[in-house]
Every structure is written in structure tokens, then in C-alpha cells.
Amino acid sequence: MPTCRDCQTEFTVEPADKEILAKLDLPEPQLCFEHALQRRMSFRNERHLYRHTCGLCDKPVLAMYAPNLGLTIYCRDCWFSDSWNPSDYGRNYDPNRSFLDQWAELIKITPQFNLFHVGEIENCDYTNFTWNSKDCYLCFSCLKSEGCVYCKNNDECRDCVDSLYIAKSELAYDCVDITSCYQSAWLTRCEKSTECYLSRDLFNCQNCFGCVNLKHKQYYWYNEPINKNEYERRIKEALSTRENFAQHQKTFAEHEQKHPVEFAVIRNSENATGNSIYNSKSIRNSFGVREGENMGDVYRVTYDVKDSYRINNLGIVELAYEAIAAGLGSNKVVVSWMGEKNFSASYTSSCTNCEELLGCVGLRNKKFCILNKQYDEATYHALKKQIIDKMKADGEWGENLAPALIPQNYNDSIAQELFPLSKAEVLAKGWKWSDDQGMTRGKETMKPEALPNSISATPESILKEILACVACQRNYRIQPKELAVLKTLGLALPTHCQDCRFDERLKRYYFPRTYDRQCMCSINSHNHHTSATCQTTFKTTYAPNRPEKVFCSPCYQAELR
Ligand SMILES: [Zn+2]
Ligand SMILES: [Zn+2]
Ligand SMILES: [Zn+2]
Ligand SMILES: [Zn+2]
Ligand SMILES: [Zn+2]
């Protein structure tokens, strides 16, 4: 069993994952799942955007790189134009030095595009990691969406605000992990539900408030049926002031603890362990997977991903290892960061439509390149073999860049969301830190006390005001779409800035670590377990010290009402 170089714990590589490694001629990893994920996530800054000037056309641009990184930034138009040639940065391989160091140097000097936007993008300047989207604002990892504001990991959504991990939904506000929901607020793990508020684990419900574990229900109040008129009277009251809704949030937090949770959400999938897995098969220890097959240790992977191990935040790829956002029609990708339509590409960053690359940065439509230098086919293969043999001897082959060499500040990256570290901890490791993440304080034109207490008392002029967060005092604004959605849902304006709201939402999602546990059900009427306590065991992201009653699927399903 391999031992993690970072935490010295032993970890297993499943036989199917060994097969993937063998197909790519790779050794077993040197880091455990979590430390490898943390390292990969350190590459990806989604949410912290900085003002720059394009190095070619001098236009002002927003970029995912803080000034302290010292990178040259081009706007996407310039970057994808013929006004510069990434091959000009090509260099000879030095067999006496670490190949990883040479690749890192090339990343550092080659110009970078400002933001990652792929496909048809319209009016999405303030978004990052966006694919085929329109009219979105401050959305990140935003796929095929339109009119969304302050969302992250939103796939095929419209007019959603302040939400995390949402798919195929419309007019959702402050929702986490929902699919196919409509005009709803503060839902967690719900599917196909409409006009519901403050609920979790609903399936195909309408007009439910404060409800848990219901399916096919309408007009329910804290899991009790009531008539339509009474429901409407109560909901009007609940939404009439910010305090009323906040009081319900407290009541709901107590109410939901009485109801069990399912050990994991694995839907329409065979042979899967992990959590949030949909329409997939043969998935091992993976989290946030849609339409995937034969993968291990992956995180946030959607749309047609196959035969891959230890990848995150990407889609449409086969045979990938240690890749981040380097899918979109790629095949055989090893240790790569951002890219699309590449075949047999190892150690690449921001390459597009290339074949046979090793250690390249920013190349487009190229073949047989090493460190951005062009070779003929025979020379390329001979040199590639020489480099890989040397990397194997040095223990570098298959290893990603050490965080100190990653071109990103740790606290700007999504690693900080899952594995938060203080500035002192980051600097002690020799990693990078951004001191100025760009929000102001003290510029407010309206004090928090003056914020209207209900949406009906909120004038349109609020869009011009600069507000101050009650928790961190940073300034924030209300966006037009945000106001429109709040009006539709009848909710008062938020008193917290978007970053504090985001941090609160993250707590409603889980950390990607599983524990071997036993079903906690002791309900006598369940006929699938004869003993008083169900003996089913499973892998769950609910840690043993969590307060939830964690049930196996049959026990959980039996308790759905
Ligand atoms: Zn470790
Ligand atoms: Zn430009
Ligand atoms: Zn705040
Ligand atoms: Zn059970
Ligand atoms: Zn049971």
C-alpha cells in the first residue's frame, strides 16, 4: 500500500484505478486522495478576479491572477489571435534539471488568458470557468446557464441567484445541491420541486415550507398537510419580514434534525461509492459526478467522462489523470491544467486542439512539441521517452507541480474552500497568498440598519446604494437580477455580502471524505431488517460525530412520506 508523502497515512489504489494508471504508463500516486485533491485545487481560482491591462491591446481586463503572481495577462481576443506566438517561448530540454521545474518556468513566462470562457459566451465578463452561457454575473464553474447571479457549479440553470451545485433549475435562491427545481428558496438536496421554501430532501413537491423527506406532496407545513388557504396565509406571514424568515430558519434547523438523512445521494448509478453521483457507473470514492463511467477519486466531474483517475472540475474526457479543467473533447491527458480538444498531452497548461505534447503552455493546433519547441515525429518520440525515463528515475513522472510552483495564490484558489489555511500556514509552506482580494470597506451609502425589512418595502433605488455587510463590514451591492428574483420569491434583501453568504452556503455541502459506518435505523416496522437495528454498512460523508441520523437507502426510502 502506498503511503502519502504529506500525511504519512497509507491509502489504497483500487484495481480498476491501477488499470487506468497502467494504460497511461503511470506509477501509483505519492499523495493520498485528499492531499492530491488539495494540490490540484490550488491551480484553480474561480472567484477572486483582479483588474489588469491586456499585455497586447492595453484594454482593461479582469483576470483570475492576482498582480503578485507576476504573470503577463492577455485578454481572450488577443490571446487567441495571431498577434503573438506561444512557440516563441519554446526552449530546449535540459537533462540535468528537473523537468517539472522547467515546465513551471515556461508557465511563468508564457502569457496567460485572463479568464476561462469556452464555447458561446455572451455578456458574462464577470464570470470564470464558464461554458456556453449568457448574461451571468459573478458565477463560477457556470455551464450552459443564463441570467444567473452569484452561483457556483450551476449547470443548465436560468435566473438563479446565490446558489451552489444546482442543475436544470430556474428561479432558485440560496439553494444547495438541487436538480430540476423551480421558483424556490433555501432548498438543500431537492429534486423536481416547485414553489418550496426552507426544505431539504424533497422529491417532486409543490408549495412546501419547512419540510424534510417528502415526495409527491403539496401544501405541507413542517411536514404536516394543511389546506391551500391556510398555507397561503402562513407563507405570507413567514415572508413578511426578514426576522420572520430568520426565525423559521432556526425552527427548521431543529425540525430537520428529527428526520434521518440518506447515507449518500447516488441516483441511477451502478457500482458507485462517494456522494452526489448521478447517471453513472463504476465510480469509486468520487464526489459530484454526472454521466460518468469507470472513475476513481474524482471531484465535480460532469458530462461524459470515462476511464479517469484523480481529476476535478472537468467534463468530456477519456483517460485522464491529475487533470483540472482540461477535458472538453480531450483524450489521454496526464497532469494538465486547462485545455480542450487535446490528444496525448502530458504536463500541459492552456493548450487547445493539440496532439502529442509534453511540458507545453498555451499552444494551439500543434503536434510533437516539448517545452513549446517543435520537433519532427521521430525526434519527439525519442526525446519524450528520454524525459519520461528520467522523470521516472527522479520520482517525478505522474507527479504534479509542488504548490510553491503553482501559478496561483492559495487563498484565491478553490483549495481554500475545502482545505482552509491561514496566511501564516500558507507562507510557512512556501506557498503564495493574496493580501488584497479586492473588496472595499467604509464606502457604504446606506447603513445596515436602514435596509428595508421586507421586499415590498424595497424601492428600485436600492440598486444604486452601496451596502455594508453586517458580519465583515465589506461593501456589496444588490444586482438587478437578484432584486427581481427576491421579489418573485417575496424575500427580503440579504444583510451579508456575497462572500459571507457563499461561506454560509458551503457549510450546507459536505467535505469529500467517507467513513465506514452502520445504518442508525432501529425502526421495528421495517421488514427488510429483522433485528432491532439495521445491520447495513456503507461509506458515507457524514462523520461519526455528526448529529444526523444516517440511514441506508432502504431504511431512508421507507421513511420518505
Ligand atoms: Zn495525505
Ligand atoms: Zn487584448
Ligand atoms: Zn461579509
Ligand atoms: Zn438500514
Ligand atoms: Zn430501518
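Residues numbered from 1 in each chain as written. Chains lettered and ligands numbered in written order. Predicted model: local features only at pLDDT ≥ 70, side-chain atom pairs only at ≥ 80, totals over all residues.

Engineer: Any details on the nonpolar core? Residues and values, ideally.
Structural biologist: One finds C139, C151, I166, Y173, C175, Y321 and A323 to be the most contacted residues of the largest nonpolar core, which totals 148 residues. Per-element tally for this core: the top contributor is helix α4 (residues 99-109), with 6 residues. In this structure, I166 is in contact with C151, N154, C157, C160, A172, C175 and I178, ignoring residues within four places of it in sequence. If you look at the next biggest cluster of nonpolar residues, it comprises 6 residues, including A468, C469, Y476 and C497. (Core = buried A, V, L, I, M, F, W, Y, C linked by C-beta atoms within 7 Å. Buried ≥ 20, exposed ≤ 12 C-beta atoms within 10 Å, placed from the backbone. Helix = DSSP H or I, 4+ residues; strand = E, 2+ residues; numbered from the N terminus. Contact = placed C-beta atoms within 7 Å.)

Engineer: How would you summarise the environment of D77 if you had to cite specific residues and measurements?
Structural biologist: Mapped onto the elements of the fold, D77 is located in helix α3 (residues 76-79). For the pair D77 and R501, spaced 424 residues apart in sequence, the C-alpha to C-alpha distance is 33 Å.

Engineer: Residue-level account of the domain arrangement of the chain, with values.
Structural biologist: For interface size, the figure often reported is the accessible area lost on association. Here the chain is described as being made up of domain 1 (266-403), domain 2 (448-496) and domain 3 (515-559). Centre-to-centre, using C-alpha coordinates, domain 2 lies 42 Å away from domain 3. (Domains from an automatic or database assignment.)

Engineer: Describe unusual backbone geometry, and please don't skip the residues or the numbers.
Structural biologist: Phi at S344 is positive, roughly 55 degrees, even though this residue is not glycine. Of note, S344 is situated in strand β26 (residues 343-352).

Engineer: Any details on the environment of S522? Residues and values, ideally.
Structural biologist: Summarising the element assignment, S522 is placed in the loop between β32 (515-518) and β33 (537-540). Residue classification places S522 among the partly exposed residues on the basis of 13 C-beta atoms within 10 Å. Spatially, the C-alpha atom of S522 lies 9.7 Å from that of Q535, the residues being 13 residues apart in sequence. Sequence-distant contacts of S522, defined by excluding residues within four places in its chain, comprise A532 and T533.

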